[in-house]
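Read off the chains here:
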Amino acid sequence: MRSLRERLMAVTGGTPQSARPAPPAAQAQPFFMREHMVPLEELHGIEHVTLEEVRACDPLFTGVRLDLSRLLFLDTETTGLSGGAGTVAFLIGVGWLEERGMVIRQYVLRDYPQEGAVLREIAGLFDRADTLITFNGKSFDLPLLESRMVLNRIRLQVTQYPHLDLLHAARRVYKLRLKRCSLSALEEDVLGMAREDDLPGAQVPQRYFDYLRTGEFALLEDVLRHNLQDVKSLAALTGHLCAVYRSPQALSHAQDLFGVGRTLMRGGRTQQARACFKILGHSSMSSQARMHLAISYRRGREWGKAVASLQEMIARGEGGTWPYTELAKYYEHVAHDIPQALACASAALAFALNTQMLGGEDDAQAEALRRRIMRLKRKQAGMTARENQMKTGGTAS
């Protein structure tokens, strides 16, 4: 695999630094801009990310190519946390990769009239991007920026760019275990990057209002530091998530591996998903893993493997009535063995009744199983009648 330096040089046709936009001249800059450089070694392997890994993270990703030099990481700090027509992005942090590491620029409105100038600067950076990476940008940052650009007569449909939203990608892997998937929680529990003295996001809008009222720029330093960490974490989390899909067997938590397997299945990566589910066969997620494995075989019409998985679930006491019901469906609709289908449905009903609370009434599941049993009995009776009729007709002739 080529190094990041080689891949960047292949894209730019020269040194990677030639792709770096020059900062605006200070005298032509009505807004505040600060630039940082983050070394690659702090970004959890972002230089190894590939298009296939991004597609694995997000089965709905629309990009058809992935040049690391044309990734644009973006995070905003706004005057409101719920969006709306009056919400303004007063601080926009953007980052991109170069040979030395990740360049992060932060643009701040010194006052509202500077919004158009900042957005035009941001629009220029979008011109160098093929793919956007955000955290909840699909629902918040990008629609907000696009609407503010429209108001400032800037024609750029930022919501149409290929986009990896890390909030959704992280939830697919970590929600079962972590429950909450805020960026700060992922930094601490997944990346090992606990923040110190971080400004809570809920306080960010008020800090900006205080700055506008007093003119003391020092009030925004905590906001700038918060935003800088957000943008840096976008790159680190991207590198980490792609590494997870590169080697899912290295995951130490069963819930995370199950999330990866389920996402791979959703993206049509059947064999990779099955490998994850098989690893989970003797873990705390074994029941759910075997269930998804059986569903995979059923979808692939690999009936022998599907039946074996369902029978193993029953033998291990996993899945409740589900494996019995699935076997009943198989025997009725695929094997056309009505007596066996009836036996499986009856076993499912017995299981349901045995697991109900003492004195409890039949639940909807048990009632559905009763209806299935009655239908199968009618079907069996009809088949028996037809068989007898054929025998009778055959004797008469």
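In the block above lies the structure referred to throughout.
In this report, the structure presented in the accompanying data block is examined.

1. Things to note about the packing of aromatic side chains
Next up, step 1: Across all of its chains, the model carries 11 aromatic pairs by this definition.
Next up, step 2: Their ring planes at 65° and their centres at 5.7 Å tell us that Phe-31 and Tyr-107 sit as a pair that is edge-to-face. Here Tyr-107 lies in strand S4 (residues 101-108) and Phe-31 lies in the loop between helix H1 (4-12) and strand S1 (32-39), a separation of 76 residues in the sequence. With respect to class, Phe-31 is no different from Tyr-107; both count as buried.
Next up, step 3: Between Trp-303 and Tyr-330, the aromatic rings sit 5.9 Å apart at their centres with planes inclined by 40°, giving tilted as the arrangement. Of this pair, Trp-303 sits in helix H12 (residues 303-316) while Tyr-330 sits in helix H13 (residues 322-333), and the two are 27 residues apart along the sequence.
Next up, step 4: Three or more aromatic residues link up through ring pairs in this structure, and these residues are Phe-32, Phe-90, Tyr-112, Tyr-208, Tyr-211 and Phe-217.

2. Considering the side chain of Lys-232
Next up, step 1: With respect to the element layout, Lys-232 can be found in helix H8 (residues 221-246).
Next up, step 2: Reaching out from Lys-232, the side chain makes a polar contact with the side chain of Glu-42 at a distance of 2.8 Å.
Next up, step 3: Here Lys-232 is in contact with Val-38, Glu-42, Leu-43, Met-102, Ile-104 and Met-193, once residues within four sequence places are set aside.

3. Observations concerning the layout of surface pockets
Next up, step 1: Its boundaries defined by the atoms lining it, the largest pocket holds a volume of some 480 Å³.
Next up, step 2: Lining the largest pocket are 18 residues, with Asp-75, Thr-76, Glu-77, His-226 and Asp-230 sitting closest to its centre.
Next up, step 3: If you list the elements that add at least two residues to the lining of the largest pocket, you get strand S2 (71-78), helix H4 (137-151), helix H6 (183-191) and H8.
Next up, step 4: Here the lining of the largest pocket takes four residues from S2, the largest share from any one element.

What counts and what doesn't
Residues numbered from 1 in each chain as written. Predicted model: local features only at pLDDT ≥ 70, side-chain atom pairs only at ≥ 80, totals over all residues. Heavy atoms only, no water. Phe/Tyr/Trp six-rings, centres within 6.5 Å; stacked < 30°, edge-to-face > 60°. Helix = DSSP H or I, 4+ residues; strand = E, 2+ residues; numbered from the N terminus. Buried < 20%, exposed > 50% of the residue type's maximum accessible area, 1.4 Å probe, protein only. Polar contact = N/O pair within 3.5 Å; in protein donor to acceptor, adjacent residues only side chain to side chain. Contact = heavy atoms within 4.5 Å. 1 Å grid on protein atoms, 1.4 Å probe; cavity = no way out; pocket = protein on both sides within 12 Å on 5 of 7 lines; lining within 4 Å. Points joined across faces, edges and corners; volume = space filled by probe spheres on them.

Nothing here speaks to function; it is geometry throughout.
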